[in-house]
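Residue strings, one per chain:
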Amino acid sequence: MATHARRAPDAPTPGDGYVQSFARGLEVIRSFSAEASEQTLSEVAARSGLTRAGARRILLTLQTLGYVEGDGKLYRLTPRILDLGFAYLTSMPIWNLAEPVMERLADAVGESCSAAVLDGSDIVYVLRVHTHKIVSLNLNVGTRLPAYCTSLGRVLLSGLDDAGVKARLKASDIRANTRHTATRPADILARVQQVRRQGWALVNQELEEGLISIAAPVRNRGGAVIAALNVSGQANRTSATVMKDQLLPKLRAAADEVSALLLRSGRG
């Protein structure tokens, strides 16, 4: 049986303006991933929740438009699909402003620096400045990670009220990624509330063993959290104390600089 496209917890209920065929097309696109870069028709149908006939029509449409290619057995996305993501990035000049700031921050602290925004119960990376490879995860622009167990996510969640945070947590697939991961919604909410009070988040090995990160908010003119920056390191090399005492001041200064640049550009 066909399914509707996944919605964010605060998204409106589909009404008369809901175009189901378009939603199904997005589900087909989202069915492709690093683990499923090439799929048969049956696999696309199963992963997108569509019938084989429905999946075939959408694949043929995407193929005609140049977003999918296939040999009749296996289908894969084409580079043209990047146009959809870059449309977002180019429409948000904040990231052009943020990149040199993040590059200076990464050089100053010797750690990787990232920027992300909140999308439903996930964070989405919109900018990455790499130094060392610190995790087994392949983190690049467009990568999605759960908000509940990441420093970027907790900063972004802190921009919501408690009801909003609870809704995002309810929509999350909360699991113990490591022995350090907070999994009780009440505990996670308490940590987000603490982040809201102090203005930054430190997460120590909750996403992956050995990974420690600290994040700070980027705010608009009204003070709302619209994005977050973080620096990440190896826990056996960079302790939580070093993160807070040495890296946090530089990180907060960079996040404030990006916020100020956004205001001066008239986009905040």
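Residues numbered from 1 in each chain as written. Predicted model: local features only at pLDDT ≥ 70, side-chain atom pairs only at ≥ 80, totals over all residues. Heavy atoms only, no water.

(A) Structural context of the overall build of the protein chain. A tally of regular secondary structure across the protein chain gives nine helices and eight strands. The contacts of the protein chain with a sequence gap of at least 6 include a subset with a gap of at least 24, amounting to 56%. If you sum the accessible surface of the protein chain, you get close to 13,900 Å²; carbon and sulfur atoms cover 51% of it. (Helix = DSSP H or I, 4+ residues; strand = E, 2+ residues; numbered from the N terminus. Contact = heavy atoms within 4.5 Å. Areas by Shrake-Rupley, 256 points an atom, 1.4 Å probe, with all protein chains shown as cover.)

(B) Representation of helix α8 (residues 185-198) within the structure. Along its 14 residues, α8 runs 20 Å from first to last C-alpha, staying within 8% of the 20 Å computed at 1.5 Å per residue. Regarding α8, the residues found buried are Ile188, Leu189, Val192 and Val195. Buried residues of α8, seen end-on, are gathered within an arc of 115° and therefore sit on one face of the element. Residues of α8 that are buried make contact with α6 (151-158), α7 (162-170) and β6 (201-204). Gly199 lies just past α8 and shows a positive phi near 85°. (Expected span 1.5 Å × (residues − 1). Buried < 20%, exposed > 50% of the residue type's maximum accessible area, 1.4 Å probe, protein only. Arc of directions from axis to C-beta.)

(C) Structural context of unusual backbone geometry. Residue Gln205 is not a glycine yet carries a positive backbone phi of 60°. Along the chain, Gln205 turns up in the loop between β6 and β7 (211-219).

(D) How the structure looks around a nonpolar patch on the surface. Judged by side-chain polarity, Val19, Phe22 and Leu26 come together as a nonpolar surface patch covering roughly 280 Å² of accessible area. Structurally, the position occupied by Phe22 is in helix α1 (residues 20-30). (Patch = residues over 30% accessible without salt bridge, like charges linked within 9 Å, V, L, I, M, F, W, Y side chains within 5 Å. Salt bridge = Lys/Arg side-chain N within 4 Å of Asp/Glu carboxyl O.)

(E) Region of the structure containing the packing of α6 against α8. Orientation of α6 relative to α8, taken along the N-to-C sense of each, is 75°, at an axis distance of 8 Å. Of the possible angle classes, the one that applies to α6 and α8 is roughly perpendicular. Between α6, through Arg154, Val155, Leu157 and Ser158, and α8, the contact on the second element is made entirely by Arg191, Val192, Val195 and Arg196. (Axes fitted to C-alpha atoms, helices over the stretch in contact; angles between N-to-C directions. Parallel < 35°, antiparallel > 145°, perpendicular 65-115°, else oblique.)

(F) Quick look at helix α2 (residues 41-48). Taken residue by residue, α2 has Leu41, Val44, Ala45 and Ser48 as its buried positions. The buried side chains of α2 occupy one side of the element, clustering within an arc of 100° when seen end-on. Considering only its buried residues, α2 is in contact with α1, α3 (52-65) and β2 (75-77). A positive backbone phi angle near 75° is found at Gly49, which sits one or two residues after α2.

(G) Up close: the packing of α7 against α8. Here α7 crosses α8 at 135°, and the two axes come no closer than 10 Å. By the angle between their directions, the pair α7 and α8 is classed as oblique. Seen along the crossing, α7 lies across α8 with a hand that is right-handed. Residues Asp162, Val165, Lys166 and Leu169 of α7 touch α8, and the partners they reach there are Pro185, Ile188, Leu189, Val192, Gln193 and Arg196. (Left-handed = near helix turned anticlockwise from the far one by under 90°.)

Bear in mind that shape data such as this cannot, by itself, settle questions of function.
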